[in-house]
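This is what each chain is made of:
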Amino acid sequence: MLKLMKYLKKSAGYIVCIVALLFLQAYCDLSLPDYTSKIINVGIQQQGIEDGVPEKIRTSSMESLYLFMDEEDRKTVESAYAKDGEVCTLQKINKEEREELNQILGKAMLLTEGLSENQEMGSSLAERMQLPEGTNPLEAAAMLPEDARMQIKEEMEKQLDKMPESIVTQAAVAYVRAEYEAMGENVDAIQMNYLIVSGLRMIGMALIIMLAAGTVTFLSARVAASFGHDLRSSVYKKVIGFSSGEYHRFSTASLITRSTNDIQQVQLTTAMMLRMVLYAPILGIGGVMKVLQTDASMTWILALAVILILMVIFVLFRVAMPKFTKLQTLIDKLNLVTREFLTGTLVIRAFSRERREEERFEEANANLMRTNLFVNRCMTFMMPVMMLIMNGVSVAIIYFGAHAVDNGSMQVGNVMAFIQYAMQIIMSFLMITMMSIMIPRANVAGKRIQEILETQESIQDARETREPMESQRGTVEFDHVTFAYPGADGNTLEDISFTAHRGETVAIIGSTGSGKSTLVNLIPRFYDVTAGSVRVDGVDVRELSQKELRNRLGYVPQKGILFSGTISSNILYGAENAGEKKMEEAAIVAQAEEFIKTKKQEYEAPISQGGSNVSGGQKQRLSIARAIAKNPEIYIFDDSFSALDYKTDVQLRKALKEYTRDATTIIVAQRISTILHADRILVLDEGRLAGQGTHKELMKKCEVYRQIAMSQLSEEELADE
């Protein structure tokens, strides 16, 4: 399938846009758990106060905090706050500066609160300083020299280091809240404002996710549809250039499946890949980074979940992969049986073989059903296992997270965020797992499509083509031609030589399987000769361009083939600009005007697919009219009069002889009566030229021709001739 990706080049701009939108969507997706965590931790537990950096603080309180700062820390804090009378106001600072301030102020606040309220810290300081009972330890600490105060600070920090970080944070936030209340601030409004702002940001993120996801879906569908269109176009152009040899290699049913079902499979997978496969690693890697930032102590849970998921994917690949290859082959088989049933309905009914054909169809249908069921069971097995892993991860995170919250090493919001990040990581693997079901089947389909695109046509134009010789216009020459079908044991034609000149009618007759149709199929290069050469207008057909060669031919196949449309569109199929007069003239020569005039819409009467609404004889006459309307220099009739009655046959040959007197006519026939008056008759016998000449000449010197004639005509008719 990777080889087909070159068809996505023209959609490169859209793909870049899709990737950019996926990064934006992933950023918003990964931001939402963080906002959830902050709403719980800050908005609810900390009542809207983010950290230990107050926006405003009383000067007296700040002076108390300065007692437990060294000179450098004090300068850092002083530079961040502007003193305005009894209040210090925080200046505009960046994120890094705020984190530094939080570290400095947080410890100072905890130490200050510890001396003010903690009996253990206060009693210890009173004993060391031998303070009278009832003395405030904080006021006493302010009276100490700075060296002594720093020593006390270091001892107290040793006790703080034993405390979990969350307790330090909570204490600093409590200090800031108390400070706000002392200053008369509305702390409830601060909390409500934080919750509203955070909620609006989450809504904004959700809207961005929705818009990004919708746009990605639209663009992915557009890219995939364009990809499918280009693939179908390339396959069609390739197939239409195939010779009969390539058509024998790929069955018609298989070519239809590859052009429809396989391309649809690749197109659908491409759309899903752009939406999911690109998004999954972005979301997964981003989730891992966020988890490590949140809390790394429980990452082992995620590692275990990922290992289990990878094991499930591995098992699915080992078990289901062979079935995907078989699935496409079974679809080919079903299409083949269906096509044979639909095209051969009349024969099936005539021989009462409906039951047998039903059994054939049911066998192909049942095989496809069983394989589909197996693949679908693999998918249904996958989903419960994935859900079990996801729910197991949630339970494990809640269990171990609850212990972490209990001992103060983790906050509730962080546990919630961890669960969400874990689900996002697992979901990214789930996306990949779902695609692991689709990609192998699409890969098989892609290989089948690529097989067509990489097939070299056996009939190709020469690198340097030649122009036909006007002096040899209308000449068809076979020069010691030998031909064998690819893979055949022997030659179908052997050492055939003859020349048909302009204005001549050359007939070919012989028993069934003698190679008559094969011989005329060498003229338009449906096959190339094995040895010798076929020349048209004095030039080897292999040195003419196929378009130039076939423009000079009017070919009527053994089986009349019509296309859905109208009578006029079928007659003018090879000469769209011939005009109405030429069309009517061709219909008259082909003896088709009689039945055309009986139709209500005449030349605009509809022709159904395959010409199923006209008889075999009418189909042949329209096919002959199509060749006549083209006005070629060489006519080839491959047993094209077999469905005509004797009267129509005689009238058509008489009109055709007059109309094509300046053209070369080559007729393949089974009936002697059709070719009696040909300028030359070629007699084929088991691929060899048994004789050539006029009817009278062959009756005298060719035993094979004489036997054919005597089997078809009475002695009186032969005598008359």
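Worth saying up front: this structure is predicted, and the values here are computed from it rather than measured.

Run through unusual backbone geometry, naming residues and quoting values.
For residues besides glycine, phi is generally negative; the peptide bonds are generally trans as well. The phi dihedral of Ser 352 is positive, around 50°, even though this residue is not glycine. Looking at the element boundaries, Ser 352 is found in the loop between helix H14 (345-350) and helix H15 (354-406). Backbone geometry at Gln 591 places phi at a positive 60°, although glycine is not the residue there. Inspection of the secondary structure assignment puts Gln 591 in the loop between helix H20 (580-589) and helix H21 (593-597).

Tell me about helix H1 (residues 12-45), and name the residues and values.
The end-to-end C-alpha distance of H1 is 49 Å, a good match for the 50 Å that 34 residues give at a rise of 1.5 Å each. The largest bend along H1 measures about 30° and falls at Ile 39. Of the residues flanking the end of H1, it is Gln 47, one or two places downstream, whose phi is positive at about 55°.

Let's hear about the packing of H20 against helix H22 (residues 616-630): which residues, and what values?
Between H20 and H22, the shortest axis-to-axis distance is 8 Å and the interhelical angle comes to 130°. The orientation of H20 with respect to H22, classified from their angle, is oblique. Two packed elements cross with a definite hand, and for H20 against H22 that hand is right-handed. Packed against H20, whose contacting residues are Lys 582, Ala 586, Ala 587 and Val 589, the element H22 presents Ala 625, Ile 628 and Ala 629 at the interface. Across the contact of H20 with H22, the residue classes tally to six nonpolar, no polar and one charged.

Hey, could you go over the pairing of strand E15 (residues 688-693) for me, with residue numbers and the actual values?
Bridge analysis of strand E14 (residues 680-685) against E15 gives five bridges, and the strand direction is antiparallel. Pairing of Ile 681 across the sheet is with Gly 693, part of E15. Taking the residues that link successive antiparallel strands as the turn, the E14-E15 hairpin has two residues, and the phi of Glu 686 there is positive, at about 55°.

Talk me through the pattern of salt bridges; I want residue IDs and the actual numbers.
For the coordinates displayed, the defined rule picks out 32 salt bridges. For Glu 451, the salt bridge is made with Arg 258, and the minimal N-O distance between the two is 3.0 Å. A residue pair is termed long-range when its members are at least 10 positions apart, and Glu 451 in helix H16 (residues 412-453) and Arg 258 in helix H11 (residues 252-277) qualify at 193 residues. Owing to a relative accessible area of 33%, Glu 451 belongs among the partly exposed residues under this scheme.

I'd like a description of the sheet that holds strand E3 (residues 87-90), backed by residues and values.
If you walk across this open sheet you meet the three strands as E1-E3-E2, and the pairing is antiparallel. The open sheet is flanked by strand E1 (56-58) and strand E2 (81-84), the only strands paired with a single partner. Pairs of neighbouring strands in the sheet enclose a mean axial angle of 25°, with direction left out of account. Pairing of E1 with E3, which is carried by three bridges, proceeds in the antiparallel orientation. Note that in E3 the partner of Arg 58 across the bridge is Val 87. Running over the sheet, helix H3 (residues 71-80) touches E2 and E3 and is turned about 70° from E2.

Can you break down the packing of aromatic side chains residue by residue, with the values?
The full count for this structure, using the stated rule, is nine aromatic pairs. Measuring from ring centre to ring centre gives 5.3 Å for Phe 526 and Tyr 555, while their planes differ by 85°; the resulting arrangement is edge-to-face. Of this pair, Phe 526 sits in the loop between helix H17 (516-521) and strand E7 (531-536) while Tyr 555 is found in strand E9 (residues 553-556), placing the two residues 29 residues apart along the sequence.

Criteria and cut-off values
- Residues numbered from 1 in each chain as written.
- Predicted model: local features only at pLDDT ≥ 70, side-chain atom pairs only at ≥ 80, totals over all residues.
- Heavy atoms only, no water.
- Helix = DSSP H or I, 4+ residues; strand = E, 2+ residues; numbered from the N terminus.
- Expected span 1.5 Å × (residues − 1).
- Bend = angle between axes of the 7 residues up to and from the residue.
- Axes fitted to C-alpha atoms, helices over the stretch in contact; angles between N-to-C directions.
- Parallel < 35°, antiparallel > 145°, perpendicular 65-115°, else oblique.
- Left-handed = near helix turned anticlockwise from the far one by under 90°.
- Contact = heavy atoms within 4.5 Å.
- Nonpolar A, V, L, I, M, F, W, Y, C, P; charged D, E, K, R; others polar.
- Pairing = 2+ DSSP bridges.
- Salt bridge = Lys/Arg side-chain N within 4 Å of Asp/Glu carboxyl O.
- Buried < 20%, exposed > 50% of the residue type's maximum accessible area, 1.4 Å probe, protein only.
- Phe/Tyr/Trp six-rings, centres within 6.5 Å; stacked < 30°, edge-to-face > 60°.

Function cannot be read off these values alone, since they describe shape.
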